[in-house]
Amino acid sequence: TSSLDDHEVEKLFVMMRRLKDQGVGIIFVTHFLEQVYAVCDGITVLRNGTLVGEYEIEELPKVKLVAAMMGKDFDDLAAIKKEGDDQISDELFIEAKGCSHAGTIKPFDLDIHRGEVVGLTGLLGSGRSELARVIYGADKNQTGTLKVDGKEVNIKNPIDAMNLGMGLLPDDRKAEG
């Protein structure tokens, strides 16, 4: 369902429910917990290829499902304390203005403040990975300016980005990492 819009997902779920009513068994593999609870009767949790457990949907609240997936008790998860300050700083860490890479991504602006987590989402080919690659120097920035800690930088390759304190986890970590 990751490449479907909400309307298409609902159409799929209507079809799944119709098939279920006709006695057809369905295996639905997903990482979207809301969808699991919307259409499934049971949940099988696997972690690292090993069966963790099989549960009836009404017997497994989302918090316990996440704990089973992670291999941590809820009490362990609740005890995790966030490191650092909970506030996003006014100080810019990365400031990209008009950055681009011909053939992969049009000019974009992006500001990231200290302490801020920015999520980039989109379908394959939407530019999210390419945007990160341009900032990181895996693809050359061809237009605009990039500032890190208020200083204009010319990141020519990933080593330059690493020396500025950046890291990148690419989509295909095995091939590109």
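Provided above is the structure to which this section pertains.
Since we're looking at a predicted model, the values are computed, not measured. In this numbering scheme, every chain counts its residues from 1 along its sequence in written order. In keeping with the predicted nature of the model, local features appear solely for residues at pLDDT of at least 70, side-chain atom pairs appear and are counted solely at 80 or more, and the whole-chain, interface and lining totals rest on all residues. Excluded from the side-chain calculation are hydrogens and water; included are all heavy atoms of the structure.

**Brief notes about the overall build of the protein**
For step 1, the next point in the chain: On a plain count of helices and strands, the protein comes out with seven helices and six strands.
For step 2, the next point in the chain: Under the DSSP-based scheme used, a helix requires at least four consecutive residues in state H or I and a strand at least two consecutive residues in state E, with every element numbered from the N terminus. Reading the helices (α) and strands (β) of the protein from amino to carboxyl end gives α-α-β-β-α-α-β-β-α-β-β-α-α.
For step 3, the next point in the chain: Taken against the 2.2 N^0.38 rule, which gives 16 Å for 177 residues, the C-alpha radius of gyration of the protein at 22 Å runs more than 25% over that of a compact globule.
For step 4, the next point in the chain: Along the first, second and third principal axes, the C-alpha set of the protein runs to 60 × 40 × 30 Å. Note on method: radius of gyration uses C-alpha positions; expected globular size equals 2.2 Å times residues raised to 0.38.

**Describing helix α3 (residues 62-70)**
For step 1, the next point in the chain: The set of residues buried in α3 consists of Leu 65, Ala 67 and Ala 68. Around the axis of α3, the buried residues are gathered within 160 degrees of arc, so they sit on the same side. For the exposure calls, accessible area comes from a 1.4 Å probe over protein chains only, and a residue counts as buried if that area is under 20% of its type's maximum, exposed if over 50%, partly exposed in between. Comment: arc refers to directions from the helix axis out to C-beta atoms.

**A short note on the packing of aromatic side chains**
For step 1, the next point in the chain: Classification of ring pairs rests on two measures: the distance between centres of Phe, Tyr or Trp rings, Trp counted by its six-membered ring, which must be within 6.5 Å, and the angle between planes, read as stacked under 30 degrees, edge-to-face over 60 and tilted in between. For the coordinates displayed, the defined rule picks out one aromatic pair.
For step 2, the next point in the chain: Judged by centre distance (5.9 Å) and plane angle (90 degrees), the rings of Phe 13 and Phe 28 are edge-to-face. Residue Phe 13 is found in helix α1 (residues 6-21), and its partner Phe 28 is found in the loop between α1 and α2 (33-39); the two are separated by 15 residues along the sequence.
For step 3, the next point in the chain: For a ring to carry a charge above it, either NZ of a lysine or CZ of an arginine must fall within 6 Å of the ring centroid while also lying within 35 degrees of the normal to the ring plane. Taking NZ or CZ as reference, Lys 62 lies 5.5 Å from the ring centre of Tyr 37, over its face.

**Focus: the sheet that holds strand β3 (residues 92-101)**
The strands making up a sheet are joined through hydrogen bonds of the backbone, oriented either antiparallel or parallel.
For step 1, the next point in the chain: Taken in spatial order, the four strands of this open sheet run β4-β3-β5-β6, and their pairing is antiparallel. Strands with a single pairing partner mark the edges of an open sheet, and in this sheet they are β4 (105-113) and β6 (151-153). Across the sheet, the axes of successive neighbouring strands diverge by a mean angle of 25 degrees, strand direction being ignored.
For step 2, the next point in the chain: Two strands make a pair as long as DSSP finds a minimum of two bridges between them. Here five bridges tie β3 to strand β5 (residues 143-148), and the two strands are oriented antiparallel to one another. When the sheet's bridge partners are listed, Lys 97 is paired in β5 with Thr 145.
For step 3, the next point in the chain: Running at roughly 70 degrees to β4, helix α5 (residues 128-136) makes contact with β3, β4 and β5 of the sheet. As a rule, the C-alpha atoms of each element are fitted with a line to give its axis, helices using only the stretch in contact, and angles between N-to-C directions run from 0 to 180 degrees. In this analysis, two residues are considered to be in contact whenever any of their non-hydrogen atoms come within 4.5 Å of each other.

**Looking at the pairing of strand β2 (residues 50-56)**
For step 1, the next point in the chain: Summarising the sheet, strand β1 (residues 42-47) and β2 pair through six bridges and their orientation is antiparallel. Across the sheet, Ile 43 pairs through a bridge with Tyr 55, a residue of β2.
For step 2, the next point in the chain: Taken together, β1 and the strand that follows it, β2, pair antiparallel across an intervening segment of two residues, in which Asn 48 is found at a positive phi of about 55 degrees.

**What about the nonpolar core?**
For step 1, the next point in the chain: Ranked by internal contacts, the top residues of the largest apolar core, which has 18 residues, are Ile 94, Phe 108, Leu 110, Ile 135, Leu 146 and Met 166.
For step 2, the next point in the chain: The set of elements that each furnish at least two residues to this core consists of β3, β4, α5 and β5.
For step 3, the next point in the chain: Beyond its immediate sequence surroundings of up to four residues, Leu 110 is in contact with Ile 94, Glu 95, Ala 96, Val 118, Leu 131 and Ile 135. Residues grouped as a nonpolar core are buried Ala, Val, Leu, Ile, Met, Phe, Trp, Tyr and Cys residues, joined through side-chain atoms within 4.5 Å.

**Some details on the environment of Gly 144**
For step 1, the next point in the chain: Within the element layout of this structure, Gly 144 appears in strand β5.
For step 2, the next point in the chain: The spatial distance from the C-alpha of Gly 144 to the C-alpha of Val 45 is 47 Å, given a sequence separation of 99 residues.
For step 3, the next point in the chain: What Gly 144 contacts, discounting residues up to four positions off in sequence, is Lys 97, Gly 98 and Cys 99.

**Considerations on α5**
For step 1, the next point in the chain: Buried within α5 are the following residues: Ser 129, Leu 131, Val 134, Ile 135 and Tyr 136.
For step 2, the next point in the chain: Close packing links the buried residues of α5 with β3, β4, β5 and α6 (158-163).
For step 3, the next point in the chain: Downstream of α5 by one or two residues, Gly 137 has phi in the positive range, about 90 degrees.

**What about unusual backbone geometry?**
For step 1, the next point in the chain: Unusually for a residue other than glycine, Asn 48 sits at a positive phi of about 55 degrees.
For step 2, the next point in the chain: Checked against the element boundaries, Asn 48 lands in the loop between β1 and β2.
For step 3, the next point in the chain: At Asp 149, a residue that is not glycine, the phi angle is positive and equals roughly 55 degrees.

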